[in-house]
Amino acid sequence: MKFPKTVRMYCPRCDAYTDHSVSTYSSGKRRTLSEGQRRYLRKLKGYGSTRKPKQKTLYKVTKKVTLKLTCRQCGYVSMKTLGRLKKIEIVER
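Residues numbered from 1 in each chain as written. Predicted model: local features only at pLDDT ≥ 70, side-chain atom pairs only at ≥ 80, totals over all residues. Heavy atoms only, no water.

### Things to note about the pairing of strand E3 (residues 16-24)
Direction of pairing for strand E2 (residues 6-11) relative to E3: antiparallel, over a ladder of six bridges. Residue pairing for E3: Cys 11 is matched across the bridge by Ala 16. Hairpin connection of E2 to E3: four residues between the antiparallel strands, including Asp 15 at a positive phi of 60°. When E3 meets strand E4 (residues 63-71), the two strands line up antiparallel, connected through five bridges. The partner of His 20 across the bridge, within E4, is Cys 71. (Pairing = 2+ DSSP bridges. Helix = DSSP H or I, 4+ residues; strand = E, 2+ residues; numbered from the N terminus.)

This is how it looks when you write it as structure tokens:
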């Protein structure tokens, strides 16, 4: 899917329709000291075999794509989920 680099959208902070720059959202690095990650690592530890079942086949072929829309006027960032896509291409108009 081809998506334009700039989109005219409503900005709640500016309270007007302004140009937004588009980029794909990617999650950051996991924090190793967060409680959930420590709990997960504790569950993986153990004597002998693995504690979590191995995934046998990959059922979902695609990932859900989330766009990060940044207002050109004030810098307000909003997210927009496009759903499942095989490939996304951000192009000039």
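### As for the environment of Gln 55
Positionally, Gln 55 belongs in the loop between helix H1 (35-44) and E4. What makes Gln 55 exposed here is its relative accessible area of 60%. (Buried < 20%, exposed > 50% of the residue type's maximum accessible area, 1.4 Å probe, protein only.)

### Some details on the pattern of salt bridges
On inspection of all chains with the given rule, the structure shows five salt bridges. Here Lys 5 and Glu 92 are joined by a salt bridge, their closest N and O atoms 3.6 Å apart. Linking Lys 5 in the loop between strand E1 (2-4) and E2 with Glu 92 in the segment after strand E6 (89-91), this pair joins segments that are 87 residues apart in sequence. For Lys 5, a relative accessible area of 39% gives the class partly exposed. According to the relative accessible area criterion, Glu 92 is exposed, its value standing at 61%. Two residues, Arg 39 and Glu 35, come together in a salt bridge whose shortest N-O distance is 3.6 Å. Here Glu 35 and Arg 39 lie together in helix H1, a separation of four residues that amounts to about one turn. Residue classification places Glu 35 among the partly exposed positions, given a relative accessible area of 36%. Through salt bridges that share partners, Glu 35, Arg 38, Arg 39 and Arg 42 make up one connected network. (Salt bridge = Lys/Arg side-chain N within 4 Å of Asp/Glu carboxyl O.)

### Regarding the nonpolar core
In terms of nonpolar packing, the biggest core is built from seven residues, these being Phe 3, Val 7, Val 22, Val 65, Leu 67, Leu 69 and Leu 85. By residue number, the principal contributor to this core is E4, which donates three residues. Once you skip the residues sitting within four places of it in the chain, Leu 69 turns out to touch Met 9, His 20, Ser 21, Val 22, Tyr 76, Val 77, Ser 78 and Lys 80. (Core = buried A, V, L, I, M, F, W, Y, C linked by side-chain atoms within 4.5 Å. Contact = heavy atoms within 4.5 Å.)

### Quick notes on the sheet that holds E3
With antiparallel pairing, four strands are arranged side by side in an open sheet as E2-E3-E4-E5. Two strands close off the open sheet at either side, each with one partner strand: E2 and strand E5 (77-85). Between one strand and the next, the sheet's axes are offset by a mean angle of 40°, whatever the strand orientation. The pairing of E4 with E5 spans eight bridges and is antiparallel. When the sheet's bridge partners are listed, Lys 68 is paired in E5 with Met 79. (Axes fitted to C-alpha atoms, helices over the stretch in contact; angles between N-to-C directions.)

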